[in-house]
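Coordinate inspection notes
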Amino acid sequence: MAKAIYPGSFDPVTKGHLDIIRRASQMFDELTVSILNNSNKIPLFSVDERVKMLQSVCSDIANVKVDTFSGLTAEYARRTGTDVIIRGLRAVTDFEYELQMAQTNRKLLPRVDTVFLTTSLEYAYLSSSTVREVALYGGDISEFVPPLVAEEVYRKLEKAD
Ligand code: ADP
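Report follows, based on the coordinates. (Residues numbered from 1 in each chain as written. Predicted model: local features only at pLDDT ≥ 70, side-chain atom pairs only at ≥ 80, totals over all residues. Heavy atoms only, no water.)

The next point concerns the pairing of strand 2 (residues 30–36). In terms of residue burial, strand 2 counts as a mostly covered element, since 6 of its 7 residues are buried. Both strand 1 (residues 3–8) and strand 2 contribute to a ladder of 6 bridges, which runs parallel. Across the sheet, the residue bridging to P7 is S34, located in strand 2. Handedness of the β-α-β unit built from strand 2, helix 2 (residues 47–57) and strand 3 (residues 64–69) comes out right-handed. (Buried < 20%, exposed > 50% of the residue type's maximum accessible area, 1.4 Å probe, protein only. Helix = DSSP H or I, 4+ residues; strand = E, 2+ residues; numbered from the N terminus. Pairing = 2+ DSSP bridges. Right-handed = clockwise from strand over helix to strand, strands pointing away.)

If you want it as structure tokens, here you go:
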């Protein structure tokens, strides 16, 4: 039985992430979307809020779970008996960083491989930071995120005003 994790910030989860989640869930028996609680970045959403949003938007995919972790991805992968780390690639600009991270993780945990899924073209431009920025200046984010997430983003930004 092959277990995969898809680690990331998901601040918030976008349609690009969801596309990767759906495709990866078909390739592995179990997929855990793992929210990295990384104190270097000040997030828009708390980890708990991100968990709730991810659980809602993934509720129709039977073999997907949502979890959180802090510290090293390789440590988390070791602890959870993970076989594969999933990452998404959008453009060449992602590549250098992703390659370096995959190689570092391979050094730390040789048993585990990173598998890259290339983004579906319609989401190639999309990132959580774009979503946050467009919403901040009053733009329409309904093309970028599921409806529930769009509501939460606008609600959060209203509170911050
Ligand atoms: P991180 O802060 O770790 O980059 P993100 O939540 O931004 O976390 O992204 C998690 C993973 O999803 C990364 O591998 C990223 O390249 C990938 N990803 C982000 N947006 C998209 C997208 N639109 N299409 C495909 N993959 C994406």
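Having seen it, we continue.
In the region of the ligand, 17 residues are neighbours, and Y6, S9, F10, K41 and G88 sit closest. One of the side-chain nitrogen or oxygen atoms of R90 is found 3.3 Å away from a nitrogen atom of the ligand. In this structure, a nitrogen atom belonging to the ligand sits 3.1 Å away from a side-chain N or O atom of T119. Relative to its unbound accessible surface of 550 Å², the ligand loses 90% to contact with the protein. Those elements that provide at least two residues to the shell around the ligand are strand 1, helix 1 (15–27), strand 4 (84–89) and helix 4 (92–108). Per-class residue counts for the shell around the ligand are 6 nonpolar, 6 polar and 5 charged. (Near = heavy atom within 4 Å. Polar contact = N/O pair within 3.5 Å; in protein donor to acceptor, adjacent residues only side chain to side chain. Areas by Shrake-Rupley, 256 points an atom, 1.4 Å probe, with all protein chains shown as cover. Nonpolar A, V, L, I, M, F, W, Y, C, P; charged D, E, K, R; others polar.)

Our focus in this paragraph is the packing of helix 5 (residues 128–136) against helix 6 (residues 147–160). The contact between helix 5 and helix 6 brings their axes to 10 Å, and the two run at 55 degrees. If you check the angle between helix 5 and helix 6, you find them oblique. Here helix 5 and helix 6 pass one another in a crossing that is right-handed. Between helix 5, through R132, A135 and L136, and helix 6, the contact on the second element is made entirely by V153, Y154 and L157. (Axes fitted to C-alpha atoms, helices over the stretch in contact; angles between N-to-C directions. Parallel < 35°, antiparallel > 145°, perpendicular 65-115°, else oblique. Left-handed = near helix turned anticlockwise from the far one by under 90°. Contact = heavy atoms within 4.5 Å.)

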